Amino acid sequence: MRRGKVDFAGVQKEICLAYTPEAKLGDYVIVHVGFALNVVDEIEAHKIFEALRELGELEEAQDGTDDRAVPPASLDPPGGTDD
Amino acid sequence: MKFIDEYRDPLAARKLAQAIRRTATRPWTIMEVCGGQTHTIVKSGLQDLLPPEVTLVHGPGCPVCVTPLDLIDSAVAIASRPGVIFCSFGDMLRVPGSSKSLFEAKAGGADVRIVYSPLDAVTLARANPGRQVVFFAVGFETTAPANAMAVWQAAREGIENFSVLVAHVLVPPAIEAILGAPDCRVHAFLAAGHVCTVMGFAEYEPVARRYRVPIVVTGFEPVDLLEGIHMALLQLESGRAEVENQYSRAVRREGNRPAQQRIVEVFEVGPRTWRGIGEIPASGLRLREPYRRFDALARFPVAQGQVEESGECLAGLVLRGLKKPQECPAFAVRCTPERPLGAPMVSSEGACAAYYLYGRHRQ
């Protein structure tokens, strides 16, 4: 059975790699009860943070538009509608 | 650690919480299936970040919690036999049986050992040919590849003093049982990420279609859960009911094929009784014919009578998402991790344990 040493943030353990034949040195794997179940997909792992960056930029753009579009007189009074 | 710390980033969590607040316009109830996800939600206080429209209910994805009482009694009976070394994951030991727990059996002299992996039990069997080594094979699809490998390895090496007490359960039939109940109040599901790492998510697609319910495969860190909730809300608000994959760094649609092959080789699907829920057809795994000689229940016949649950424990309602742990009158009063009435108070994936540990009952 194919085995490999996996480092869990400092604690090293001998883990069965029978279900991750593609795992190679330096890969990150998800381990459950002594078995690697998956090699973490690094490209997919970053997608959420790219989406969050876009979300942030979108918000800034929207905030900018709102500032220009809404004259101060029509702003909701304090304690008014939530966004 | 890489791939963990960034998914606990408070700024990312706040941004997602804002997106959730903007998305939710109506009341929605979302169930996270897995007890590991429940613990993240309660530990990180994610419920406090959500708007009042969004209610999270906790699902049955705690294998220890749904293992039936009579099987725990069988485990205690087998463990108490002379010559047996009984191996289990740690959180099974404190679960109360009808008369005692495995922990109490151990205190009474039974050779009960906690192992990290089922392969450790095989190693014990190899090293102790004069003893019978029994492993309590409890778990969902995530644990099935490991347990299948242990049995397969024992068969291949001819380690005949090894056997397993099987209590394997499957997620999709449980989701269907919850959706089919007349008192169901769940609008969307966060499917358990690691179950899908093994099984993929194609089997959830007919469920989403049949019950018109969004199912989002979701990871276990706070950012994962908030993104999963946001994805589910986007579907609910736009009237879609699809299977989506939030946990794409660990889950592919087809799952882990080598692991599935080993499961199918060793196990077959059969009916199973879920503690607190009842029998669900085709909701569990049992050993397939060439491997049945490794079935501990066949090797060690034990009397299996009708046993009564504690009348006071609401575990069944908690496991189906109908009650929150702190709604139980016994919670943190007559039921604590030290003196539990039911399994959800002791399991590391139990909802009651999460609320107790992270102090939700003190608010």
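Look a little higher up for the structure.
All values reported here derive from a predicted model rather than from experimental measurement. (Residues numbered from 1 in each chain as written. Chains lettered and ligands numbered in written order. Predicted model: local features only at pLDDT ≥ 70, side-chain atom pairs only at ≥ 80, totals over all residues. Heavy atoms only, no water.)

Caption draft 1: Spatial organisation of the overall build of chain B. Along its length, chain B carries 16 helices and 11 strands. Whereas a compact globule of 363 residues would reach a radius of gyration of roughly 21 Å, chain B reaches 20 Å, a difference of no more than 12%. Counting only C-alpha atoms and orienting by the principal axes, one finds that chain B spans roughly 65 × 45 × 45 Å. By the burial criterion, 60% of the 363 residues in chain B qualify as buried. If you take every contact in chain B between residues at least 6 apart in sequence, the share linking residues at least 24 apart comes to 78%. By element, 52% of the accessible surface of chain B is carried by carbon and sulfur atoms, the whole surface being about 14,100 Å². Averaging the locations of the 40 positively and 37 negatively charged side chains of chain B gives two centres separated by 2 Å. (Helix = DSSP H or I, 4+ residues; strand = E, 2+ residues; numbered from the N terminus. Rg over C-alpha atoms; globule rule 2.2 N^0.38 Å. Buried < 20%, exposed > 50% of the residue type's maximum accessible area, 1.4 Å probe, protein only. Contact = heavy atoms within 4.5 Å. Areas by Shrake-Rupley, 256 points an atom, 1.4 Å probe, with all protein chains shown as cover. Lys, Arg positive; Asp, Glu negative; His and termini not counted. Charge placed at Lys NZ, Arg CZ, Asp CG, Glu CD.)

Caption draft 2: The interface of chain B and chain A, seen in detail. Taken together, the contacts link 36 residues of chain B with 32 residues of chain A. Between chain B and chain A, roughly 3,000 Å² of surface is buried when both sides are summed, and carbon and sulfur atoms account for 68% of that area. Our count for the contact surface shared by chain B and chain A stands at 1 salt bridge. Glu42(A) serves as the salt-bridge partner of Lys2(B), at 3.2 Å between the closest nitrogen and oxygen. Looking at the side of chain B that touches chain A, the elements with two or more residues in it are helix 1 (10-23), helix 7 (118-127), helix 8 (144-157), helix 10 (193-199), helix 12 (222-238) and helix 13 (257-266) of chain B. Ranked by residue count, the leading element in the side of chain B that touches chain A is helix 1 of chain B, at 6 residues. (Buried area = accessible area lost by both parts, 1.4 Å probe. Salt bridge = Lys/Arg side-chain N within 4 Å of Asp/Glu carboxyl O.)

Caption draft 3: Molecular detail of empty space enclosed by the protein. All names here are of chain B. Within the structure shown, the criterion is met by 3 cavities of 30 Å³ or more. Lining the largest cavity we find 14 residues, and of these Cys313, Leu314, Cys328, Cys335 and Cys352 sit closest to its centre. Per-class residue counts for the lining of the largest cavity are 13 nonpolar, 1 polar and no charged. (1 Å grid on protein atoms, 1.4 Å probe; cavity = no way out; pocket = protein on both sides within 12 Å on 5 of 7 lines; lining within 4 Å. Points joined across faces, edges and corners; volume = space filled by probe spheres on them. Nonpolar A, V, L, I, M, F, W, Y, C, P; charged D, E, K, R; others polar.)

Caption draft 4: Inspection of the state of the cysteines at higher detail. Per the stated rule, a full pass over the model turns up 1 disulfide over all chains. Between Cys62(B) and Cys65(B) runs a disulfide, and the two sulfur atoms are separated by 2.2 Å. Given an S-S torsion of about 70°, the disulfide between Cys62(B) and Cys65(B) has right-handed geometry. No difference in accessibility class separates Cys62(B) from Cys65(B), as the two residues are buried. Just so you know, Cys87(B) is unpaired, no disulfide at all, and the nearest cysteine sulfur is the one on Cys16(A), 18 Å from it. Free of any disulfide, Cys352(B) has its nearest neighbouring cysteine sulfur in Cys335(B), separated by 6.4 Å. A residue is classified by how much of its surface remains accessible, and Cys352(B), at 11% relative accessible area, is buried. (Disulfide = S-S within 2.5 Å.)

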